Amino acid sequence: MDGEAQRAAVSWENGTLAPVDRLRSERADSPTPGLVEGTEPGAGQKSAMFVHAQSFEDLTADAEGEAHRETELDESGECAEELKVLVGEKTIEEQHNNDVSSETRSKEEDVSSETWRSHRKHVFVLSEAGKPIYTRYGTEEALSSTMGVMMALVSFVEAEKNIIRSIHADGCKVVFLTKSPLVLVGVSRTCQSDKELLRELQYIYYQIVSLLTLTQLNHIFQHKQNYDLRRLLAGSEYLTDNLLHRLDRDPGLLLSAVTCLPLPSSARDVVSSSLQTAKAKSLVFSILLAGDRLVTLVRKRDQFLHHIDLHLVFNLVGSSSSFREGEGWTPICLPKFNTAGFFHAHISYLEPASELCLILVSTDREDFFNMSDCKQRFLERLSKRSAYQALKEALKCPSYSVAQVCIPELRHFLYKSKSSGLYTSPEFPEVYQSDEEQERLMGLYQDLHSCLHHPTRPLRSFYRCSETENLLGWVTSGFELYLCFSPLGTKALAVSAVNKLLKWIRKEEDRLFILSPLTY
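1. What to know about the environment of leucine 515
Alright, step 1. Within the element layout of this structure, leucine 515 appears in the loop between helix H17 (491–512) and strand E17 (518–519).
Alright, step 2. Using a relative accessible area of 4% as the deciding quantity, one classes leucine 515 as buried.
Alright, step 3. For the pair leucine 515 and glycine 42, spaced 473 residues apart in the sequence, the C-alpha separation amounts to 6.8 Å.

Here it is in structure tokens:
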């Protein structure tokens with residue numbers, strides 16, 4: 001297997017990512033890629049890694065209706081204090097060194113200024129007593145009266161035995177999400193639907209729960225309704241800021257999916273098996289990341305991770321550089337798994353300058369040294385295999401060009417396999433290299449996504465022309481596909497490109513997806 005991994009670590013040529021001797025010919029030669037879930041390109045060959053979710057609709061499910069997990073988690077409030085100390089130590093460094101620094105400067109904006117009003121999207125979090133907890137722009141103190149008005153609106157409608165969902169006025173949408181004991185409000189001038197904005201508020205809610213647990217949150221407000229939650233969340237604002245930034249830029253959060261590092265399947269199999277053997281009694285999830293891309297995930301049998309929880313882990317790791325300084329040990333609640341207690345995560349990079357980050361999630365708060373030993377055993381086993389070199393080579397080019405698909409009119413695409421919960425997309429072409437253009441394209445995808453997943457009039461396909469690009473969205477029971485074409489293309493060309501692209505993804509699925517996830 002090691003020899004295969006070494007041979008597989010070759011440059012991507014002739015529009016193909018997969019080595020010829022590793023293609024799954026029985027799937028790649030299929031004349032029509034599967035449209036039914038479980039047969040689509042990228043569908044897992046064994047068990048799924050994630051909790052099954054039909055796109056983002058799962059986000060609107062009530063947390064109270066989730067099945068109770070049998071895994072015992074730490075429910076002590078001390079974990080929240082540990083996390084508070086951890087994030088407090090990192091904040092100053094992050095505010096000066098990370099891209100989030102621009103968000104920090106926005107906190108100083110005058111809320112009565114035109115600059116503050118001109119932002120396309122605002123997010124506010126407050127308690128049911130009207131106490132401000134978080135605002136994306138400006139300061140909570142300056143907006144306390146505004147948040148009081150928001151809470152008054154919620155209370156007035158509730159007094160009439162009703163629930164306020166949204167307000168539409170003058171091209172602006174105000175969306176409300178009540179998740180007792182919190183109220184979240186989104187104000188947007190974008191083209192996003194109410195449901196899309198609700199999805200983003202759900203993510204912010206789960207980010208707060210991941211820091212405190214829902215049990216502790218309820219306990220606090222049951223004893224003191226007007227408690228100022230900022231005292232507990234102080235220093236963690238950058239996590240929420242960074243998550244909102246990711247919601248604007250990361251297709252994975254739009255699709256409720258995760259993208260993988262393109263890697264020869266033989267090399268990925270070796271990495272996964274090495275991680276599988278480095279196990280411990282309390283270990284539930286072993287996750288290897290390469291930046292914002294998943295290399296592999298090994299889970300305890302019968303325990304599944306939800307996309308939202310994994311995105312929160314991505315956000316925690318990506319928001320801080322302090323984990324590069326050594327082996328981190330931090331409590332984290334995975335709210336879609338269990339809102340009542342904390343896991344404990346061992347977070348460390350395989351090498352100081354590497355993008356490879358290993359997260360070992362344990363149920364035992366005293367298990368740091370066991371998790372550290374698991375990491376060392378994984379490294380020792382992996383370093384003896386040539387797959388480690390293939391992994392390092394893959395990091396040099398963590399994406400691929402849309403030109404390799406050999407469809408001249410195609411500029412960019414997003415493809416999600418519903419059964420595996422994974423997606424793939426190429427790097428942005430030259431026409432979308434600036435941050436502004438990338439955000440604009442993401443906005444177009446969000447608009448397309450809203451049309452296809454309309455709450456009362458969902459569509460199977462949607463084609464839109466404009467002066468700058470043409471867009472096509474297509475949803476089946478097996479996959480979701482969003483394509484961006486040159487404005488000179490036609491609808492007929494776009495439709496014919498879909499089949500070509502699906503065949504190409506089928507041929508490349510060994511590298512682009514995790515087809516055989518492992519368990520302990």
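That was the structure; now back to the text.
2. Re the sheet that holds strand E14 (residues 461–465)
Note on sheets: strands pair through backbone hydrogen bonds, and any given pair is parallel or antiparallel.
Alright, step 1. Spatially, six strands are ordered E6-E13-E12-E16-E15-E14 in an open sheet, and the strand pairing comes out mixed. A single partner strand is all that each edge strand has here, and the edge strands are strand E6 (258–259) and E14.
Alright, step 2. Pairing of strand E12 (residues 410–417) with strand E13 (residues 422–424), which is carried by three bridges, proceeds in the antiparallel orientation. Paired with serine 417 across the strands is leucine 422, a residue of E13.
Alright, step 3. In this fold H17 packs onto E12, E13, E14, strand E15 (470–475) and strand E16 (479–485), with an angle of close to 120 degrees to the strand it touches most, E16.

3. Considering the packing of helix H7 (residues 194–212) against helix H8 (residues 214–223)
Alright, step 1. Packing of H7 against H8 brings their axes to within 7 Å, and their N-to-C directions diverge by 85 degrees. Of the possible angle classes, the one that applies to H7 and H8 is roughly perpendicular. Touching Tyr205, Val209 and Leu212 of H7 are Leu214, Gln216 and Leu217, all from H8.
Alright, step 2. Along the lines of polarity and charge, the residues of the contact of H7 with H8 split into five nonpolar, one polar and no charged.

4. Looking at helix H15 (residues 387–396)
Note: α-helices contain 3.6 residues per turn, so residues at a spacing of three or four share the same orientation.
Alright, step 1. Within H15, the full set of buried residues consists of Ala387, Tyr388, Ala390, Leu391 and Ala394. Within H15, the buried residues cover an arc of 160 degrees as seen down the axis, which keeps them to one side.

5. Things to note about the pairing of strand E10 (residues 343–349)
Looking down a regular strand, the side chains alternate between one sheet face and the other.
Alright, step 1. The buried fraction of E10 is high, at seven of seven residues.
Alright, step 2. Judged by which residues are buried, E10 turns out to be covered on both faces: Phe343, Ala345, Ile347 and Tyr349 on one side and His344, His346 and Ser348 on the other are all buried.
Alright, step 3. Sheet analysis places strand E9 (residues 328–332) next to E10, joined by five bridges and oriented antiparallel. Bridge pairing in E10 links tryptophan 329 to histidine 346.
Alright, step 4. Summarising the sheet, E10 and strand E11 (residues 356–362) pair through six bridges and their orientation is antiparallel.

6. Details of the packing of H7 against helix H13 (residues 307–318)
Alright, step 1. At their nearest, the axes of H7 and H13 sit 11 Å apart, and the two run at 70 degrees to each other. With respect to their mutual orientation, H7 and H13 come out roughly perpendicular. Handedness of the crossing formed by H7 with H13: right-handed. Of the residues in H13, those in contact with Tyr203, Tyr206, Gln207 and Ser210 of H7 are Ile308, His311, Leu312 and Asn315.
Alright, step 2. Within the contact of H7 with H13, the residues separate by chemical class into four nonpolar, four polar and no charged.

7. Remarks on helix H10 (residues 237–249)
Alright, step 1. For H10, built from 13 residues, the straight-helix expectation of 18 Å at 1.5 Å per residue is met to within 8% by its first-to-last C-alpha distance of 19 Å.
Alright, step 2. For H10, a buried count of 11 out of 13 residues is recorded, marking the element as mostly surrounded by other parts of the structure.
Alright, step 3. Inspection of H10 places Tyr238, Leu239, Thr240, Asp241, Asn242, Leu243, Leu244, Arg246, Leu247, Asp248 and Arg249 among the buried residues, and these make up the whole buried set.

8. A word on the packing of aromatic side chains
Alright, step 1. Under the counting rule described, the total for this entry stands at 11 aromatic pairs.
Alright, step 2. Taken together, a centroid distance of 5.8 Å and an interplanar angle of 75 degrees make the contact between tryptophan 329 and phenylalanine 368 edge-to-face. In this pair, tryptophan 329 is assigned in strand E9 and phenylalanine 368 in helix H14 (residues 368–383), connecting sequence segments 39 residues apart.
Alright, step 3. An angle of 80 degrees between the planes, with centres 6.1 Å apart, marks the rings of tyrosine 415 and phenylalanine 513 as edge-to-face. Of this pair, tyrosine 415 sits in strand E12 while phenylalanine 513 sits in the loop between H17 and E17, and the two are 98 residues apart along the sequence.
Alright, step 4. Note on phenylalanine 513: relative accessible area 1%, which makes it buried.

9. Comments concerning a nonpolar patch on the surface
Alright, step 1. The grouping of Val149, Leu153 and Ile167 at the surface amounts to a nonpolar patch, some 230 Å² of accessible area in total.
Alright, step 2. Relative to the assigned elements, isoleucine 167 resides in strand E3 (residues 166–169).
Alright, step 3. Among the residues examined, isoleucine 167 registers a relative accessible area of 33% and is labelled partly exposed.

10. Some points on the sheet that holds strand E8 (residues 293–299)
Alright, step 1. Pairing is mixed across the open sheet formed by six strands, whose spatial order is E9-E10-E11-E7-E8-E17. Lying at the two open borders of the sheet, with one neighbouring strand each, are E9 and E17.
Alright, step 2. Sheet analysis places strand E7 (residues 283–290) next to E8, joined by six bridges and oriented antiparallel. Bridge pairing links serine 286 to valine 298 in E8.

The rules behind the values
- Per chain, residue numbering runs from 1 following the sequence as it is written.
- For this predicted model, a pLDDT threshold of at least 70 governs which residues receive local features, and a threshold of 80 or more governs which side-chain atom pairs are given and counted, while totals over whole chains, interfaces and linings are taken from all residues.
- Note that water and hydrogens are dropped before the side-chain values are worked out from all heavy atoms of the structure.
- Segments assigned H or I by DSSP are reported as helices when at least four residues long, segments assigned E as strands when at least two residues long, and all are numbered from the N terminus.
- Between buried and exposed lies partly exposed: a residue is buried under 20% and exposed over 50% of the maximum accessible area for its type, with that area taken using a 1.4 Å probe on protein chains only.
- Being paired, for any two strands, means DSSP has found at least two bridges between them.
- Pairs of residues are marked as contacts when any of their non-hydrogen atoms sit within 4.5 Å.
- Throughout, an axis means a line fitted to C-alpha atoms (over the contacting stretch in the case of helices), and angles, computed between N-to-C directions, take values from 0 to 180 degrees.
- Roughly parallel covers angles under 35 degrees, roughly antiparallel covers those over 145, roughly perpendicular covers 65 to 115, and oblique covers all other angles.
- For this scheme, ten residues count as nonpolar: Ala, Val, Leu, Ile, Met, Phe, Trp, Tyr, Cys and Pro. Four count as charged, namely Asp, Glu, Lys and Arg, and the remainder, Gly too, count as polar.
- Directions are taken from the helix axis to each C-beta atom, and the arc is the one they span.
- It is the rotation of the near helix from the far one that decides the hand of a crossing: anticlockwise by less than a right angle makes it left-handed, clockwise makes it right-handed.
- For a helix, the expected span equals 1.5 Å multiplied by the residue count minus one.
- A pair of Phe, Tyr and Trp rings is counted when the ring centres sit within 6.5 Å of each other, with Trp represented by its six-membered ring. The angle between the planes then sorts it: under 30 degrees is stacked, over 60 is edge-to-face, the rest tilted.
- Each patch is built from residues lacking any salt bridge and having more than 30% relative accessible area; the joining distance is 9 Å for like charges and 5 Å for nonpolar side chains (Val, Leu, Ile, Met, Phe, Trp, Tyr).
- Surface accessibility in these figures is a Shrake-Rupley result with a 1.4 Å probe; residues are shielded only by whichever protein chains are displayed.
- Here, a salt bridge means any Lys or Arg side-chain nitrogen found within 4 Å of an Asp or Glu carboxyl oxygen.

Read these as layout, nothing more, since geometry by itself doesn't imply function.
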